[in-house]
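# Close look at the chain arrangement
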Amino acid sequence: MADEAVFEFLHMEMVAHIHREALKDEKDQCISKLEALGFRVGQSLIERFTRECSRFKDELDTMKFLCKEFWGLVYKKQIDNLRTNHQGVYVLQDNKFKFLVQMSTGKQYMESAPKYLAFPCGMIRGALSNLGVNCIVTAEVSAMPACKFQIQIQRN
């Protein structure tokens, strides 16, 4: 339980620090910095979590692992819903995303949600990158604290 709180506080402070230290013209780069940090963390975590796993048979199998095992180890719960169009687009829905639960549901907080989602987007992208899946990850919040992560696979 204590490690969950530490992770949440670390994330909140990391977001606050990066936005506090940025100059006015660098505010748009804050999300990129957070996403890059998340990417590196995701790479490291997936390497550790899959050390004793067998190879995944396909892309869908990889996504299921991400939703059940990876999400469970990082956020202590599974993704609530996984959808796909079977053409390289996956939508992961978390109805009570840990980093948004503490925020109020007011409209003014919806505007600040993206800065709290950049790190998790990077973490997903980093984890998938280390599993050999090149993708773009975006997040969308329509009602707090629910969040949808859209993963678009980049085919070569």
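Read on for an overview of the structure. In this text the structure is predicted, and so the values were computed from the model without any measurement. (Residues numbered from 1 in each chain as written. Predicted model: local features only at pLDDT ≥ 70, side-chain atom pairs only at ≥ 80, totals over all residues. Heavy atoms only, no water.)

### Considerations on the overall build of the protein chain
- Counting its secondary structure elements, the protein chain contains 5 helices and 4 strands.
- Of the regular secondary structure in the protein chain, the N- to C-terminal order runs α-α-α-β-β-α-α-β-β.
- The C-alpha atoms of the protein chain give a radius of gyration of 15 Å, which matches the 15 Å a tight globule of 156 residues would have.
- On the principal axes, the C-alpha backbone points of the protein chain span a range of 45 × 35 × 30 Å.
- The 156 residues of the protein chain split such that 39% are buried. (Helix = DSSP H or I, 4+ residues; strand = E, 2+ residues; numbered from the N terminus. Rg over C-alpha atoms; globule rule 2.2 N^0.38 Å. Buried < 20%, exposed > 50% of the residue type's maximum accessible area, 1.4 Å probe, protein only.)

### Describing the pairing of strand β1 (residues 81-84)
- Across 4 bridges, β1 lies against strand β2 (residues 89-94) in antiparallel orientation. Within β2, the residue paired with Thr84 across the bridge is Tyr90.
- Counting the residues between successive antiparallel strands, the hairpin from β1 to β2 contains 4 residues, one of them, His86, with a positive phi of roughly 60°. (Pairing = 2+ DSSP bridges.)

### Concerning the pattern of salt bridges
- A complete count under the given rule lists 4 salt bridges for this structure.
- Among the ionic pairs, Glu35 bridges to Arg125, the shortest N-O distance being 2.7 Å. Taken together, the positions of Glu35 in helix α2 (residues 27-49) and Arg125 in helix α5 (residues 107-130) put the pair 90 residues apart, joining distant regions of the chain.
- A residue is classified by how much of its surface remains accessible, and Glu35, at 19% relative accessible area, is buried.
- The partner of Asp94 in a salt bridge is Lys77, with the nearest N and O atoms 2.6 Å apart. Separated by 17 residues along the polypeptide, Asp94 in strand β2 and Lys77 in the loop between α3 (59-75) and β1 bring together distant segments of the chain. (Salt bridge = Lys/Arg side-chain N within 4 Å of Asp/Glu carboxyl O.)

### Some remarks on the sheet that holds strand β4 (residues 147-153)
- Judged by pairing direction, the sheet is antiparallel, and its 4 strands sit side by side in the order β1-β2-β4-β3 without closing on themselves. Among the strands making up the open sheet, the edge pair consists of β1 and β3 (135-140). Strand-to-strand twist in this sheet, taken as the mean axis angle between neighbours without regard to direction, amounts to 15°.
- In this structure, β2 lies alongside β4, joined through 6 bridges in antiparallel fashion. Among the inter-strand pairings, Gln93 is bridged to a residue of β4, identified as Lys148. (Axes fitted to C-alpha atoms, helices over the stretch in contact; angles between N-to-C directions.)

### Some points on the layout of surface pockets
- Its boundaries defined by the atoms lining it, the second largest pocket holds a volume of some 230 Å³.
- Lining the second largest pocket are Thr50, Cys53, Ser54, Arg55, Phe56, Asp58, Glu59, Thr62, Leu131 and Val133.
- Residues that form the lining of the second largest pocket fall into these classes: 4 nonpolar, 3 polar and 3 charged. (1 Å grid on protein atoms, 1.4 Å probe; cavity = no way out; pocket = protein on both sides within 12 Å on 5 of 7 lines; lining within 4 Å. Points joined across faces, edges and corners; volume = space filled by probe spheres on them. Nonpolar A, V, L, I, M, F, W, Y, C, P; charged D, E, K, R; others polar.)

Read these as layout, nothing more, since geometry by itself doesn't imply function.
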